[in-house]
Amino acid sequence: MLAPVFFYTSNLTGPYQAAAFVLCCFDARFRHVFDAFIRHMGFEYIDVVSVAGGGKILASPEEASDRAFLLREIVASRQLHNTQRILVMTHRDCGAYGGETRFQG
């Protein structure tokens, strides 16, 4: 069976500009909080990268190449979308850090 194909055409009249580059954890339990925070900040368009641990990829990456990848994504967002703000998000009990049990709660 063939997968459905979706096409989208933007209604933007000028160049796309992202209000922020956001690095967050890919844990879907927090998606509703993430979306509410983005609305609260008044951001209409953002560039998002979701990876295990969110900010962990910068603070303590598994491989040096992980940090290098993320930094290239930030540069691309700034160059392509004139992004001026970077948000780095993490959450409590993140499995990428070992969860609360690693830190005795």
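Residues numbered from 1 in each chain as written. Predicted model: local features only at pLDDT ≥ 70, side-chain atom pairs only at ≥ 80, totals over all residues. Heavy atoms only, no water.

How would you summarise the environment of I74 if you had to cite specific residues and measurements?
Within the secondary structure layout, I74 lies in helix α3 (residues 64-81). For I74 and R29, which are 45 residues apart along the polypeptide, the C-alpha to C-alpha distance reads 25 Å. Beyond its immediate chain neighbours, meaning those up to four positions away, I74 contacts F21 and I86. (Helix = DSSP H or I, 4+ residues; strand = E, 2+ residues; numbered from the N terminus. Contact = heavy atoms within 4.5 Å.)

Quick one: what's the story with the environment of L23, residue by residue and with numbers?
Looking at the secondary structure, you find L23 in strand β1 (residues 20-25). Not counting residues within four places of it along the chain, the set of residues in contact with L23 comprises V49, V51, G54, G55, I57, L58, L70, L87, V88 and M89.

Which residues make up the state of the cysteines, and what values do they have?
Counted by the stated rule, this structure contains 0 disulfides. C24 takes part in no disulfide bond, and the closest cysteine sulfur, belonging to C25, lies 7.5 Å away. (Disulfide = S-S within 2.5 Å.)

Kindly report on α3, identifying the contributing residues and their values.
Taking 1.5 Å as the rise per residue, α3 with 18 residues should run 26 Å; its terminal C-alpha atoms sit 26 Å apart, in good agreement. Buried within α3 are the following residues: L70, I74 and S77. One face of α3 carries all of its buried residues, which in axial projection span an arc of 60 degrees. For α3, the exposed residues lying more than 90 degrees away from the buried face are A64, R72, Q79 and L80. On the buried face of α3, the contacting elements are β1, β2 (46-51), α2 (56-59) and β3 (86-88). N82 lies just past α3 and shows a positive phi near 50 degrees. (Expected span 1.5 Å × (residues − 1). Buried < 20%, exposed > 50% of the residue type's maximum accessible area, 1.4 Å probe, protein only. Arc of directions from axis to C-beta.)

Describe the side chain of D47, naming the residues involved and giving the relevant values.
Its place among the elements puts D47 in strand β2. In this structure D47 is buried but unpaired, with R78 as the nearest side chain of opposite charge at 10 Å. Here the side chain of D47 touches H81 through a polar contact of 2.7 Å, side chain to side chain. The contact partners of D47, leaving out residues within four places of it in the chain, are Y16, A18, A20, F21, V22, S77, H81 and T83. (Lys, Arg positive; Asp, Glu negative; His and termini not counted. Salt bridge = Lys/Arg side-chain N within 4 Å of Asp/Glu carboxyl O. Polar contact = N/O pair within 3.5 Å; in protein donor to acceptor, adjacent residues only side chain to side chain.)

Mind laying out the pairing of β1, listing which residues take part and the relevant values?
Remember that side chains alternate between the two faces of the sheet whenever the strand is regular. For β1, a buried count of 6 out of 6 residues is recorded, marking the element as mostly surrounded by other parts of the structure. Of the two faces of β1, the one carrying A20, V22 and C24 and the one carrying F21, L23 and C25 are both buried. Bridging between β1 and β2 involves 6 bridges; their strand directions are parallel. Directly across from F21, in β2, lies its bridge partner D47. Assessed by its sense of winding, the connection that carries the chain from β1 through helix α1 (residues 31-41) to β2 is right-handed. The sheet contact formed by β1 and β3 spans 3 bridges and is parallel. Bridged to L23 within β3 is V88. (Pairing = 2+ DSSP bridges. Right-handed = clockwise from strand over helix to strand, strands pointing away.)

Interpretation note: all reported values are geometric properties and have no functional meaning in isolation.
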